[in-house]
Structures are given as structure tokens and as C-alpha cells.
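# Chains, contacts and geometry: an overview
Here are the chains, one letter per residue:
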Amino acid sequence: MFWLLFLLIACAAAFLSCARLCLAAAHAAHSEPAGGGAHELTLYEAAFLSGGPFRVADLTLVSMARSRRLLLAHTGWATVVDPVGGDDIERSVIGAIGPEGQSRIGAVRRATAAADAVRALADRLVAAGLAVPDGARGGVAGAVRQVRAAALAVVVLAGVSLTMPGGESGDGVLVAAWFALPLVLTLSCLAIARFEVHPYTRWASPTGQRLLGALPKGVRGGVGEAALLTAVAVHGVRAVSDPALREAFGTAQRGH
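Residues numbered from 1 in each chain as written. Predicted model: local features only at pLDDT ≥ 70, side-chain atom pairs only at ≥ 80, totals over all residues. Heavy atoms only, no water.

### What about the overall build of the protein?
Keep this limit in mind: Helix and strand definitions follow DSSP, with helices as H or I runs of at least four residues and strands as E runs of at least two, each counted in order from the N terminus. Accessibility here uses a 1.4 Å probe with only protein chains present; expressed as a share of the type maximum, an area under 20% marks a residue as buried, one over 50% as exposed, and anything in between as partly exposed. The contact criterion used is simple: two residues touch if any of their non-hydrogen atoms lie within 4.5 Å. A 1.4 Å probe and the Shrake-Rupley method give the accessible areas. Residues count as covered only by the protein chains that appear here.
Counting its secondary structure elements, the protein contains 12 helices and 3 strands. When burial is assessed residue by residue, the protein has 41% of its 256 residues classed as buried. Contacts spanning at least 24 positions in sequence make up 71% of the contacts within the protein whose residues lie at least 6 apart. Carbon together with sulfur atoms contributes 64% to the accessible area of the protein, which is approximately 13,400 Å² in total.

Pasting the structure below:
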């Protein structure tokens, strides 16, 4: 009857992990302050809510390259053309490139993403209830991983129990039926999290996601510089049609 001990362990693991996920999801849901619905997103804010700090860095690099203030070579190097930044994030890019005026794009992206200007942008979005705090996002992701591990543990313990010698005929069906309970619990919790909790694991809170969805469709899918930069903010560098820019970022990512 050792399988009963394994069953207790499996049930405890399933219950505790699912409880942690529920608590983390509830904390994330209540971490969004009221208000912020009338906020009009800037390009930097849309970029952060869509892809985090690295998306902000990519948007800034593309914007400066399009305005001929930065040269992004297909070899993966960034060169300063105009050393005067138009805002704090652009100045962070120029500072990340360094006094020599040239640096690898991958290194510039990492330094810009970690710059004080981008952190200040993140703090403002969190305070406005548009972005998910780091603690809430990490808590939900960790809880989901724990539920997955618990589901795997249930399967392993069930397999061990079924292969243990000394069982009577018909015990296998009973053992499988009992272990199916914690397995169904964990899988159901993961299924619910996939549709209900998953938005909280992204950068944008529900309010932030609604604002992203409310961006003018004509701007997101239209033509012109504003449409291009908005597409980069929302979808990333893959929205760039310029093959030279795409090659520059592709080389940087392969190098990284």
C-alpha cells in the first residue's frame, strides 16, 4: 500500500502549486490601480507594453536610423551620425554606443534596455496601472512552472505506483483512478491559467492591453513614418520593411 503515500504526496504537490498560482493571479489582478483608461499612449509606452525594455531600445534605434541620426550597418554595428539626442532614451542610446561613436547593436540594445530612462518609463507605466509590476509578472510565471512540475510529479508517482510489485489484480485501475484526481486538478489549473492568467504574464496590464488594442488601425496598418514606427513599437523589428535594417538587427541577434 505504498501507493497511498505516493498519492498523498501527489495530492499535496498539486494542491499547493495550484493554490500558489491562484494567489499569484489574484495578486496580479489587484495590483492594477484604478484609472489610466483615458491615457493616450506614446510610441515608447506602446513599445514597452508590447515587448518590454528591449522593444523600447529597438524602436529608438529604428527611429534614429530612419532619421539618419544613426547608421545601423548590416554587419551588426551602430555608428553615431548626430551625437545630439532628442530625448532621454535617445541620449541613452548615444551613451551606450560610447565616446568612440561606434558599437555592436546587441550591446547597445542591452545597455539601452537597462538604462535609467527606460526604467523610469517602466515605473511610470506601472504607477499608471498600464504595466504589470516585475514581482507580479514573475510570481505568476513561477507559479505556472510549479504547477507544471506538480503535474509531471503526479505522472511519475502514478507510474511508480503502478509498477510496484505485490499489487493485487484490479489494483491498477484503482490506483490510476485515484492519481487521475490530482492530475486533472493540475491540468485544469493550467488550462484556466492559459486563458485567464496569461495576460498578466505579459508586460501590459489588462488596461494597458486595451489601450494597445485601441491604437488607430489606420496608423498601425497604414503607410508613412508614424505608421512604421507604431508597427515597430507593437510588433517589433520584424515590422520593418527595409532589408538593410532587418539584416542589421538579424546580424546582431545572431551574434548575441
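From this point, the discussion proceeds with the structure in view.
### Focus on a nonpolar patch on the surface
Heads up, the condition is: To count toward a patch, a residue needs a relative accessible area above 30% and no salt bridge. Like charges then connect within 9 Å, nonpolar side chains (Val, Leu, Ile, Met, Phe, Trp, Tyr) within 5 Å. Whenever Lys or Arg places a side-chain nitrogen within 4 Å of a carboxyl oxygen from Asp or Glu, that contact is recorded as a salt bridge.
Among the surface-exposed residues, Phe2, Leu5 and Ile9 lie close enough to one another that they form a single nonpolar patch of about 310 Å² accessible area. On the secondary structure map, Phe2 appears in helix H1 (residues 2-30).

### A word on the nonpolar core
Rules: We call a set of buried Ala, Val, Leu, Ile, Met, Phe, Trp, Tyr and Cys residues a nonpolar core when their side-chain atoms join them within 4.5 Å.
Residues Leu49, Val56, Leu61 and Leu72 are the most contacted members of the largest nonpolar core, which totals 42 residues. Considering each element in turn, this core owes the most residues, 6 residues, to helix H3 (residues 53-66).

### Describing the packing of aromatic side chains
Geometrically, a pair of aromatic rings is defined through the distance of the ring centres and the angle of the planes. Rules: Stacked, tilted and edge-to-face are the three classes applied to pairs of Phe, Tyr and Trp rings, where Trp contributes its six-membered ring and a pair requires centres within 6.5 Å; stacked means planes under 30 degrees apart, edge-to-face means over 60, and tilted covers the rest.
Summed over the entire model, instances satisfying the criterion amount to 1 aromatic pair. Seen from their ring centres, Phe48 and Trp203 are 5.5 Å apart, and the 65° between their planes marks the pair as edge-to-face. Taken together, the positions of Phe48 in helix H2 (residues 43-51) and Trp203 in the loop between helix H8 (171-197) and helix H9 (206-213) put the pair 155 residues apart, joining distant regions of the chain. Relative accessible area serves as the criterion here: at 5%, Phe48 is assigned to the buried category.

### Here's the deal with the environment of Ala113
Tracing the backbone through its elements, the reader meets Ala113 in helix H5 (residues 105-113). Residue Ala113 is classed as buried on the basis of its relative accessible area of 10%. On a C-alpha basis, the gap between Ala113 and Phe54 in space is 5.2 Å, while along the polypeptide they are 59 residues apart. Other than its neighbours up to four places away in sequence, Ala113 contacts Pro53, Phe54, Ala57 and Val118.

### Describing helix H4 (residues 88-97)
Counted only if it meets this: Any N or O atom pair separated by 3.5 Å or less is treated as a polar contact, with the protein-specific requirement of one donor-capable and one acceptor-capable atom, and with residues adjacent in sequence counted only for side-chain atom pairs.
Along H4, the residues classified as buried are Ile89, Glu90, Ser92, Val93, Ile94 and Ile97. The residue sitting at the N-terminus of H4 and contributing the capping side-chain oxygen is Asp87; that oxygen lies 3.0 Å from the backbone nitrogen of Ile89. Following H4 by one or two positions, Gly98 has its phi on the positive side, about 100°.

### Details of the pattern of salt bridges
Applying the stated criterion across every chain yields a total of 5 salt bridges. Of the charged contacts in the structure, one is a salt bridge between Asp88 and Arg91, with a shortest N-O distance of 2.7 Å. Placement of the pair is Asp88 and Arg91 together in helix H4, with a separation of 3 residues, close to one helical turn. A salt bridge links Arg119 to Asp116; the nearest nitrogen and oxygen atoms lie 2.1 Å apart. Taken together, the positions of Arg119 and Asp116, both in helix H6 (residues 116-127) and 3 residues apart, correspond to about one turn of that helix. You can call Arg119 partly exposed: its relative accessible area is 42%. On the basis of relative accessible area, Asp116 is assigned to the exposed category, the value being 55%.

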